[in-house]
Protein chains: 2
Amino acid sequence: MPHTQIAVSEAGTTLFFAPKQELDRARNLNAPATDRTRLFATLARLNALYMIAKAGSGHIGSSFSSLDIVSWVYLNELRPGKDVYFSSKGHDAPGQYSVLTALGVLPFDKIHTLRRLGGLPGHPDIQTPGMVANTGSLGMGISKAKGMVRANRLKGVEGRVFLMTGDGELQEGQFWESLQSAANHRMHEITVVVDHNKLQSDTFVSNVSDLGDLVAKFKAFGWHVARCDGHDHAALAEVFREFATVGDKPKILIADTVKGAGVSFMAHTAMAEGQEFYRYHSGAPTADEYRRAAAELVADAGRQLAELRCEPLQVETVRVTPAMPPANPQRLIPAYSEAIVAAAERHPELVALDADLITDTGLIPFRERFSQRFFECGIAEQDMVSQASGMALSGLLPVVHSFACFLTPRPNEQIFNACSEGKKIVFVGSLVGLLPAGPGHSHQSVRDISAMAAMPGITLVEPSCPAEVRPLLDWCVESNPGPSYMRLVSIPYSIPFGLPEGYRPEPGKGVTLRKGGEVAIIGYGPVLLSEAWRAADILAREGISAEVINLPWLNRIDAGWLKAALDGKRHLFALDNHFLIGGQGDRIAEALAGFGGNVKVGFSRIGIEGLPECGTNDEILAYHGLNAEGIAATVRRRLEGRSS
Amino acid sequence: MPHTQIAVSEAGTTLFFAPKQELDRARNLNAPATDRTRLFATLARLNALYMIAKAGSGHIGSSFSSLDIVSWVYLNELRPGKDVYFSSKGHDAPGQYSVLTALGVLPFDKIHTLRRLGGLPGHPDIQTPGMVANTGSLGMGISKAKGMVRANRLKGVEGRVFLMTGDGELQEGQFWESLQSAANHRMHEITVVVDHNKLQSDTFVSNVSDLGDLVAKFKAFGWHVARCDGHDHAALAEVFREFATVGDKPKILIADTVKGAGVSFMAHTAMAEGQEFYRYHSGAPTADEYRRAAAELVADAGRQLAELRCEPLQVETVRVTPAMPPANPQRLIPAYSEAIVAAAERHPELVALDADLITDTGLIPFRERFSQRFFECGIAEQDMVSQASGMALSGLLPVVHSFACFLTPRPNEQIFNACSEGKKIVFVGSLVGLLPAGPGHSHQSVRDISAMAAMPGITLVEPSCPAEVRPLLDWCVESNPGPSYMRLVSIPYSIPFGLPEGYRPEPGKGVTLRKGGEVAIIGYGPVLLSEAWRAADILAREGISAEVINLPWLNRIDAGWLKAALDGKRHLFALDNHFLIGGQGDRIAEALAGFGGNVKVGFSRIGIEGLPECGTNDEILAYHGLNAEGIAATVRRRLEGRSS
């Protein structure tokens, strides 16, 4: 049988997927709906696992915990053309893709394109057929559903909206903000399923910020509530049957699920006693993990088919070779971990706050060293920032962490309020910029400089390499009297440059990384400065000498320094790992405009225009013209006088 | 008795306040705490009313509903130096000021300075002694309190945090986001009082977005709950006595109160059957209303003193002359009301959403004409924006309204998410810019261009006068394929200019309002363009000829148009009714920098640096150098070659 052929070799891995005809067979079997759906969900898991393994990243745990429900809803509840389903949590996109490709809503071949340019984005996006809302940032689902219901009612159209939320997601205020008016307006058209798998990104929900009595809460907000095993299709059938009889209330099902369900060792219930972190929330399985997981799923499907007295499963295979890791990668997050611990040793008033991303934000060493000074706030960024304000008002120095895509927009008003109090707070946003490009635009933070730059009294900094992390953090902690925002690239990167001996950051002033002639390139951060360096190599071979300057200050510029730096330059290129509008280039442009035409230098900006695309890092950097070749091409075009 | 002398004349009004010694007498009376507090609260109401009448604006209803509670907390619960009290809703600042001035925490003379430069800001600010947190934007209070508690615990300091919330405020998601972890961490140090006066800014909470069963909700979130009459000091005493015995839970009191309590005709319970809007939420009383209200309060205090067999009340008087209204004021909001109704007549898919500001955002005519297409969302901006996204995904054209200070930062991520879907949505933020300057920096929207400019695909516009509202709205509705943000000044303003005959807005291009010589001033909106016009008058008398150009496009500029507009100019001034950073001037600077030194024109920016101050409009415009004299002075200095 094909599923015995799983093999791993040094040259690559064989991946398995269930072809469309097998999924068609499952849902058309002459068997009860519960059996058909169970088999379909097992095959959907196999295909979700395939997609994630092939992409090299994705959310297994959440896809698997939700797939029995998602399969049930699509196969047995949704009336095509009338009802819609979407995920509010969004992490479970691979699971939903495996269903949509099986149903032909998406071309089946798309399963080979997860997180690739032109393929299936890491989080749901309406450009993908079958996806009815952009998600990826938590807590918006019920609000969106209400808008859809109101539109249907206004148009006199009958239609139901099914949506899935996570349970960690219930820590977000918008979830609760959205509940009451759905009940007030008797939005019986809405059915919410909480995929209550008990874990959020890092660890157990109960460890992060316990949810309390969910049934009592939902009832208090006027919703009709049910609870069942989210992997038991008969129980799901019963709940949805009962829901259909409730005509005056929105409905919510607390579905008790297992994160990673379907594969024994990926199930969170297999975690060791006392194990804190769940391993299959995001990322990709190792080759060995993949092989064992796929084997289990194939065997499970085989058993189900045998019980139903059907032909064995036929899977198809794809051989993949792993992507090459970057050469000598350098990492900012571990450097940050060290820097904040060092700062905290000197500053007993320094405390760290996190919003369910302790691993990604590099705070585990801090928590180990200063457990009393670490505050896990859960997926509740607004609450976290206002808590930080209360701490700062009480004499502490809060350092506030999350991914930049969540930290800077979600509590944007709370950050303004905190900054208006003038106390010292350091905001640290990681996962900044275009890369990683796999999760898609909900996670690509390319608008945060704009969102933060005008906070009263704030200074924005971004280190270019591990060595620059500590001096910049120390500047924020010790030299800056007001609030700061530090922007951190999270991906490891091959960095060809080093900082000059004895370098110390000076506000508003840049540092030359590589001397050059008539062309100057100013930027920040490891990704684009590395690409600029390599662009300078390319240009040098063509006889163009480009200076590469690191300006780690994102919303301050010293005009005198800039004028001096431009001495002898004919062309200046400002690089932004950010939308052009609102990026560092705005500050450079302002300084240039202030020279009043007395400094003759051509000026071009290179950055992101339009929504960033999802794909591999190399694909997307190239797509947006921000790899070395793209930067060199823009410089060349501009020097030749063609439009950039 | 002094309180019989209340008088109004054409030349002005006599205002009354209770001097400090009378408030000292009240709280030191040989009488039960309940009687002392009741009298104190009555005098505090008189002084809050005085402050608001003198300032010409403020929140009477909310100050009065909360004052019995605030007085009780300050006089009987707070241990100085240990416990703190603050208001999360912030509207009730005049009430709290009347208590703080009475207690000597604030110099008593400050009661004459509400909403004046250097005086008491319209909303709480920590620059004011006795104010421990900046408020003004709803829903942050419990989060801040948790931060204070965590700081106390870390420092080993014992201290309680009392805070007041509104009831409309409970529509904000952050309120619910903040609840559970306070219970999880057993923050018994926190006591929240909900001033449950049943009304939010426009009308009854139950009409806007009913709160459901609050007791059940708070219990479900793990809080200890009590409920009592918030004007009954004996009941308040009993609740706080009982709260002191609860050592393992945060505590919340639902205080049933009357908005405007203490003055018969200001009490919301005096509203006529079927009357929708409450009249004393904000603004100022008329002279007659003031006279009647003050007479009632003085009489009430007199009765209480007589019952306690004490000397009669001695009040002091101040004679005020009303501020002159602007000459021939023009108003953008009524023009907007007409424009959106006209657009909705042509576009049946156009719907309007509001967040509890139907009066201020000019939506009453729309609701009257299209009641089915109007959606009141309550104080729930995140929910509103994501609902709009759901509507846009379903083929409607949502126009989303609030004050800009709330609309652009609070749902900043939701706006990004909606814009990432690429559908047409129009965001309309009113109360933009530095004026009105009375409410203070929580309401002065001078960061919204920065917060909105980089939303994917968005175009930002601001009309300069009533006549420009409709063509710009029509452009957003009909010509712009993507999302738009319209910025609207709310205050009436004397506008000295008109638009040229046949003017039609063209994206990125400005329109000359007044021809001039070597100086060009580019700006937007009625306030600064009017001041620029008057600055041009001043400069003309000095022989400096300034051209005034209206550029209603805030994040787009046509470089070709700018180059042509600068022909013959030697100096360009960019005016921003916004922080300098992130304002329209950034786009002008970018275009200028793009000329590469080939256009020799001096460039200066005039706008807001640092947190805006609170005061009268004239005071604050002058303080920030943005009145005609200030603009003229900057132009003059720059032409003379001195630094601006």
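Model, not experiment: these values are computed from the prediction.

Engineer: Explain the overall build of chain A to me, please; I cannot follow it from the model alone.
Structural biologist: Each helix and strand counted, chain A has 22 helices and 21 strands in total. Taking 644 residues into account, the globule formula puts the C-alpha radius of gyration at 26 Å, and chain A, at 26 Å, falls close to it. The dimensions of chain A, computed from C-alpha atoms along their principal axes, are 80 × 55 × 55 Å. Looking at chain A residue by residue over its 644 residues, the buried ones come to 67%. The contacts of chain A with a sequence gap of at least 6 include a subset with a gap of at least 24, amounting to 79%. Of the roughly 20,400 Å² of accessible surface on chain A, a fraction of 49% belongs to carbon and sulfur atoms. Averaged over its 62 positive side-chain charges, chain A has a centre that lies 4 Å from the centre of its 70 negative ones.

Engineer: Could you clarify how one ought to interpret the state of the cysteines in this entry?
Structural biologist: Linking two cysteines covalently through their sulfur atoms gives a disulfide. Residue and element names in this part refer to chain A. Taken as a whole and judged by the stated rule, the model has 0 disulfides over all chains. Not engaged in a disulfide, the cysteine Cys405 finds its nearest cysteine sulfur in Cys614; these two sulfurs lie 13 Å apart. When its relative accessible area of 9% is taken as the criterion, Cys405 is described as buried. For Cys614, a relative accessible area of 8% gives the class buried.

Engineer: Can you help me understand the sheet that holds strand β20 (residues 571-579) of chain B in this one?
Structural biologist: Whenever strands of a sheet pair, they do so through backbone hydrogen bonds, lying parallel or antiparallel. Residue and element names in this part refer to chain B. With mixed pairing, the 5 strands of this open sheet are ordered in space as β17-β19-β18-β20-β21. Only two strands of the sheet have a single partner each, and these edge strands are β17 (511-514) and β21 (602-608). On average, each strand axis in the sheet is tilted by 25° relative to the strand beside it, whichever way the strands run. Those strands touched by helix α20 (residues 584-594) are β18 (519-523), β20 and β21, and its axis lies near 150° from that of β20.

Engineer: Can you walk me through the relation of the copies chain A and chain B in this structure?
Structural biologist: Two copies of a chain can be linked by a rotation about an axis combined with a shift along that same axis. Between chain A and chain B, the superposition needs a rotation of 180° and an axial shift of 0.0 Å, giving an RMSD of 0.0 Å. Considering both components of the superposition, the chain copies are consistent with a two-fold axis. The share of interface residues of chain A whose copies in chain B are also at the interface is 99%, consistent with both copies meeting through the same surface.

Engineer: In this structure, what is going on with the environment of Val192 of chain A? I would like to understand it.
Structural biologist: Residue and element names in this part refer to chain A. With respect to the element layout, Val192 can be found in strand β5 (residues 190-196). Residues Val192 and Ile254, 62 residues apart in the sequence, show an inter-C-alpha distance of 8.5 Å. Those residues in contact with Val192 that lie beyond four places of it in its chain are Ile142, Leu163, Thr165, Trp223, Lys251, Ile252 and Leu253.

Engineer: I keep staring at the interface of chain A and chain B and nothing clicks. Help me out?
Structural biologist: Put simply, an interface is often sized by how much accessible area is lost when its parts join up. On the side of chain B, 92 residues touch chain A, which itself brings 93 residues to the contact. Across the chain A to chain B interface the summed buried area is about 7,600 Å²; carbon plus sulfur atoms make up 54%. At the boundary of chain A with chain B, the tally comes to 10 salt bridges. Of the residues that constitute the side of chain A that touches chain B, the class distribution is 37 nonpolar, 34 polar and 22 charged.

Scoring rules and cut-offs
Counting of residues starts from 1 at the beginning of each chain's written sequence and follows it residue by residue. As they are written, the chains are lettered A onward and the ligands numbered 1 onward, keeping that order. Local features in this predicted model are restricted to residues whose pLDDT is 70 or higher, and side-chain atom pairs enter the listing and the counts only when it is 80 or higher, whereas totals over whole chains, interfaces and linings include all residues. Only hydrogens and water are removed before side-chain values are computed, so all heavy atoms of the structure are retained for them. Going along the chain from the N terminus, every DSSP run of H or I of four or more residues is numbered as a helix, and every run of E of two or more is numbered as a strand. We take the radius of gyration over the C-alpha atoms and set the globule estimate at 2.2 Å times the residue count to the 0.38 power. Only protein chains enter the accessibility calculation, which uses a 1.4 Å probe. A residue is then buried if its area is under 20% of the maximum for its type, exposed if over 50%, and partly exposed in between. Contacts were defined at the residue level, with two residues in contact if any of their heavy atoms lie within 4.5 Å. Calculation of accessible area relied on Shrake-Rupley with a 1.4 Å probe; when residues are assessed, cover is drawn exclusively from the protein chains displayed. Only four residue types enter the charge count, namely Lys and Arg as positive and Asp and Glu as negative; His and the chain termini do not. By convention, the point assigned to a charge is CZ for Arg, NZ for Lys, CD for Glu and CG for Asp. In what follows, a disulfide is any cysteine sulfur pair within 2.5 Å. At least two DSSP bridges between two strands are required for those strands to pair. Where helices are involved, their axes are fitted lines through C-alpha atoms of the stretch in contact, as for all axes, and angles between N-to-C directions lie from 0 to 180°. Copies overlap after least-squares fitting; the atoms used are the C-alpha atoms of residues with pLDDT of at least 70 in both. Buried area: the accessible area, evaluated with a 1.4 Å probe, that two parts lose upon being put together, summed over both parts. By salt bridge we mean one thing: a side-chain nitrogen of Lys or Arg within 4 Å of a carboxyl oxygen of Asp or Glu. Residues are sorted three ways: Asp, Glu, Lys and Arg are charged, Ala, Val, Leu, Ile, Met, Phe, Trp, Tyr, Cys and Pro are nonpolar, and all the rest, Gly among them, are polar.

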